[in-house]
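Structural description and commentary
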Amino acid sequence: MATTRTRKQKESAMKRPSKMSKASLGAAIVFLLAFPLASHTPAQTALVRFDFTGRVFSTFGVPGAGNSVSGYIIFNSSPPLTTRRGPHCARYSQSAPATFVFTTNGGFRLRQKLTSINILDKFENGTGDYYVFDADVGSTSGHFSRLTLTLSNNSNPFIPNISIPTTPPDFSAFQFHTVSFFGFNALVPTQRVHAIITSLTRHKLGRGVPSR
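Residues numbered from 1 in each chain as written. Predicted model: local features only at pLDDT ≥ 70, side-chain atom pairs only at ≥ 80, totals over all residues. Heavy atoms only, no water.

**Quick notes on the pairing of strand 9 (residues 143–153)**
What counts is decided by this rule: Categorising residues by exposure relies on relative accessible area from a 1.4 Å probe, with only protein chains included: less than 20% of the type maximum marks a residue as buried, more than 50% marks it as exposed, and the intermediate range marks it as partly exposed. Here a strand is any run of E in DSSP of at least two residues, a helix any run of H or I of at least four, and the numbering for each starts at the N terminus. Paired strands are those between which DSSP finds at least two bridges.
For strand 9, the buried fraction is high: nine of the 11 residues fall into the buried class. Across 10 bridges, the pairing between strand 8 (residues 129–138) and strand 9 is antiparallel. In the sheet register, Tyr130 faces strand 9, and the bridge partner there is Ser152. Between the end of strand 8 and the start of strand 9, which pair antiparallel, lie four residues.

Written as structure tokens, this is what we have:
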């Protein structure tokens, strides 16, 4: 009997490490599956949305455009640097889901993919600087549509560097603060809705980036 009991104890002891190994393997698999999901989080939170409103002051080729505009831009705040002309001038590429939505109170509405962010800081030439958000569709040799939000100075520049702002700059501090739609056919202007920005705010939902 003692021999039988000892044999069973040995068999039980031999089985325990096997169960622990399976548990450890399961935990490792869960970790490996979870890691890729966690690694995607920064790319998702890099999206930023600015909401804007504006007062229309110039139109052409858009009947009944109205007298005010509203909309938003969604952009990647850490995109690849496409072009850099020295340390103080940069162009960053943008792609979906980066978006530019432009709506007038007269019923005119455009939604286009944001294509680039251009920045010139105060050290480039000492006389001017700008932030320019562009959404281009089409070809300059044919029909071409551009939505653009511009904050710029032709004197007394103050943009400190070429980093993309994640908090809306104080638009009223710039000499020029506009949001516009331009339509061209083979570089001939065919349409325009030009507005002065009256508000520029970061979307309050933070992580939520709705595209209504």
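Still more ground to cover, so stick around.
**Topic: the sheet that holds strand 2 (residues 68–76)**
Strand pairing in a sheet takes place through backbone hydrogen bonds and is either antiparallel or parallel in direction. Spelled out, the test is: Inter-axis angles, ranging from 0 to 180 degrees, are taken between N-to-C directions of lines fitted to C-alpha atoms, where helices are fitted over the stretch in contact.
One open sheet holds the 11 strands; their spatial order is 3-4-7-8-9-10-11-1-2-5-6, and the pairing between them is antiparallel. Of all the strands in the sheet, just strand 3 (81–84) and strand 6 (109–113) have a single pairing partner and so form its edges. Put simply, the sheet's adjacent strands are angled 20 degrees from each other on average, direction ignored. Across six bridges, the pairing between strand 2 and strand 5 (residues 99–104) is antiparallel. Bridge pairing in strand 5 links Ser70 to Thr103.

**Some points on the nonpolar core**
Our working rule: What makes a nonpolar core is a set of buried Ala, Val, Leu, Ile, Met, Phe, Trp, Tyr and Cys residues whose side-chain atoms join them at distances within 4.5 Å. A contact between two residues is defined here by any heavy atoms of the two lying within 4.5 Å.
One finds Phe75, Phe100, Phe102, Leu149 and Val179 to be the most contacted residues of the largest nonpolar core, which totals 36 residues. Those residues in contact with Val179, other than ones at most four positions away along the chain, are Phe52, Val69, Phe100, Phe102, Thr148, Leu149, Val193, His194, Ala195 and Ile197.

**Describing the packing of aromatic side chains**
Formally: Between 30 and 60 degrees the pair is tilted, below 30 it is stacked and above 60 it is edge-to-face, where a pair is any two Phe, Tyr or Trp rings, Trp via its six-membered ring, whose centres lie within 6.5 Å. The rule for a charge over a ring is simple: NZ of Lys or CZ of Arg within 6 Å of the ring centre, and within 35 degrees of the ring normal.
A full pass over the atoms with the stated rule returns seven aromatic pairs. Where Phe75 meets Phe133, the ring centres are 5.5 Å apart and the plane angle is 55 degrees; that geometry is what we call tilted. Here the residue Phe75 occupies a position in strand 2, and Phe133 occupies one in strand 8, the gap between them amounting to 58 residues. Considered together, Phe75 and Phe133 belong to a single accessibility category, that of buried residues. Across from the ring centre of Tyr72, 3.9 Å away, lies the NZ or CZ of Arg49, which sits over that ring.

**Things to note about the pattern of salt bridges**
Which entries qualify depends on this criterion: What makes a salt bridge here is a side-chain nitrogen of Lys or Arg within 4 Å of a carboxyl oxygen of Asp or Glu, nothing more.
If you walk through the whole model with that rule in mind, you get two salt bridges. Close ionic contact of Arg49 with Asp51 constitutes a salt bridge, the shortest N to O distance being 2.7 Å. Considered together, Arg49 and Asp51 belong to a single accessibility category, that of buried residues. The partner of Asp136 in a salt bridge is Arg146, and the shortest N-O contact between them spans 2.7 Å. Of the two residues, Asp136 sits in strand 8 while Arg146 sits in strand 9, which places them 10 residues apart along the sequence.

**With respect to the pairing of strand 3**
As paired elements, strand 3 and strand 4 (residues 89–93) share three bridges and run antiparallel to each other. Along strand 4, the bridge assignment pairs Arg84 with Ala90. Hairpin connection, strand 3 to strand 4: the antiparallel pair is bridged by four residues, and Gly86 has positive phi, about 80 degrees.

**Some thoughts on the environment of Ala96**
Looking at the secondary structure, you find Ala96 in the loop between strand 4 and strand 5. Each C-alpha atom of the pair Ala96 and Gln112 lies 9.7 Å from the other, and the pair is 16 residues apart in sequence.

**Structural notes on unusual backbone geometry**
Looking along the chain, the bond that leaves Ala96 and enters Pro97 is cis, with omega of 10 degrees. Along the chain, Pro97 falls in the loop between strand 4 and strand 5. You will see that Asn156, though not glycine, has its phi angle at about 50 degrees, which is positive. Note on placement: Asn156 falls in the loop between strand 9 and strand 10 (176–185). Here Asn156 falls in the exposed class, since its relative accessible area comes to 66%. A positive phi angle is found at Leu187, which is not glycine, with a value near 70 degrees. For Leu187, the position within the fold is in the loop between strand 10 and strand 11 (188–202).

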